[in-house]
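Here's the letter readout for the chains.
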Amino acid sequence: MLVPFDLMKQTIKSAFINSGMSPERAEICAQIHTETSCDGVYSHGLNRVPRFCDYLKKGWVNPEAFPTFVSGSGSLEIYDGNLGPGITNGIFAIDRAMQLADEHTVGVVALKNTTHWMRGGTYGWGAANKGYLALLFTNTESTMPPWGGKDIKLGNNPFIMAAPYKDQPVVLDMAMSLYSFGKLETTRLTGKELPFPGGFDSDGNLTSNPALIEKSMRVLPIGYWKGSAMAIMLDLFSAMLSGGMSTAEIDKVKKGSCTGCCQTFIAIKPDVLISQERLEQIVEETISHIKTSEPSNKNTSINYPGESTLKRREENLKNGIPVDEGVWNTVCKLASPSKLD
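Reading guide: rules and limits
- Residues numbered from 1 in each chain as written.
- Predicted model: local features only at pLDDT ≥ 70, side-chain atom pairs only at ≥ 80, totals over all residues.
- Heavy atoms only, no water.
- Pairing = 2+ DSSP bridges.
- Helix = DSSP H or I, 4+ residues; strand = E, 2+ residues; numbered from the N terminus.
- Axes fitted to C-alpha atoms, helices over the stretch in contact; angles between N-to-C directions.
- Contact = heavy atoms within 4.5 Å.
- Patch = residues over 30% accessible without salt bridge, like charges linked within 9 Å, V, L, I, M, F, W, Y side chains within 5 Å.
- Areas by Shrake-Rupley, 256 points an atom, 1.4 Å probe, with all protein chains shown as cover.
- Salt bridge = Lys/Arg side-chain N within 4 Å of Asp/Glu carboxyl O.
- Core = buried A, V, L, I, M, F, W, Y, C linked by side-chain atoms within 4.5 Å.
- Buried < 20%, exposed > 50% of the residue type's maximum accessible area, 1.4 Å probe, protein only.

Sheet strands pair via backbone hydrogen bonds, and the direction of the pair is either parallel or antiparallel. The strand order across the open sheet built from 7 strands is β2-β3-β4-β13-β5-β8-β9, with neighbouring strands paired in mixed fashion. Pairing within the sheet leaves two strands with one partner each, and these edge strands are β2 (68-73) and β9 (170-174). Here the average twist between neighbouring strands, direction ignored, is 10°. Where β2 lies against strand β3 (residues 76-80), 5 bridges are found, and the strand directions are antiparallel. From the neighbouring strand, S73 faces β3, where its bridge partner is L76. The sheet strands contacting helix α5 (residues 121-129) are β5 (133-138), β8 (159-163), β9 and β13 (261-268), and the helix crosses β8 at an angle near 15°.

Right, dumping it as structure tokens:
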């Protein structure tokens, strides 16, 4: 099933308004959710709407809260997100980081007590499109075990790097597991298997079946022990830079995904000491170099980070955004005028 961009955005906006958001904030959040699905990250776009509406209704997200300044020193500032919507908090934080970068070349905003920012890449794309290098990460509640363990004790902490390049930024947006839980969900909904084993079943066997991994919650970290270690360090950096809660503390809150989490937004102005021409040359030579590699098989394409996203965006804007019919129907019900009663 394919849904046009504008129809999806308006439907999501209505669902958010029905769940307690102001029209102005619902507009912002609906735009980002729709862009996320349009870019092919369906798990954090349309598919995330019902859960977010539930959090709004439970009071786990304060729809009208704004970040407040806590402290700062030079190019680093700390803000309290006051459990506001992760999207509006995230937009504020990356915008402020870019303002600090304009003053100091590097700007860092650490945000504590916030909520799920949805697709973390949103803020990387936004910064890179304005000419900044960006580095972003967050901690979360525990969703995977440490390497060598069975019990979930680590957050699947997203990590984003973005580099500007004309209108085609190079953007890495990844979780610390080989496949995020959102990817497991979307793969399960389509009735498919993962292309590579992505975790363990309840008996400890590696599997490509997303449902079995969701049940055991034993996702496979990227790089095995290396991904496990990186998840720990991202958690520490997120909490220590902001003074907010670590994953161990977030686990005690027990209010859904990322409630009370910490996020870091770093923006860098690369053209302060290096010319724009040289910056573009670096990206062009890098892309040309990797694309000279012989494909491993005739069905393999070699893409730089973010290139596939640009292709999906163009295709989905033209043809409509693929949706799971059950999820779409659920969101349409949430957007129904009767929900205003």
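With antiparallel pairing, 3 strands are arranged side by side in an open sheet as β11-β10-β12. Here the strands that pair on one side only, and so sit at the sheet edges, are β11 (206-207) and β12 (218-219). Where strand β10 (residues 199-200) lies against β12, 2 bridges are found, and the strand directions are antiparallel. Counterpart to G199 in the pairing with β12 is V219.

Our next topic: a nonpolar patch on the surface. On the surface, a nonpolar cluster with roughly 500 Å² of combined accessible area is contributed by I232, M233, L236, F237 and M240. Among the structural elements, F237 can be located in helix α8 (residues 225-242).

Relative to β9, β8 runs antiparallel, the two sharing 5 bridges. Opposite M161, over in β9, you have L172 as the bridge partner. In textbook terms, the turn of a hairpin is the stretch between consecutive antiparallel strands, and for β8 and β9 this stretch comprises 6 residues, one of which, K166, has a positive phi near 50°.

Moving on to the nonpolar core. Formed by 57 residues in total, the largest nonpolar core has its most connected members in M8, I12, F16, L46, I94, L136 and F265. The greatest single-element share of this core, amounting to 7 residues, is contributed by helix α4 (residues 86-104). What M8 contacts, discounting residues up to four positions off in sequence, is V3, T34, S37, L46, I321, V323 and W328. F137, F159, L194 and V219 belong to the second-largest nonpolar core, a separate cluster that totals 14 residues.

By themselves these figures say nothing about function.
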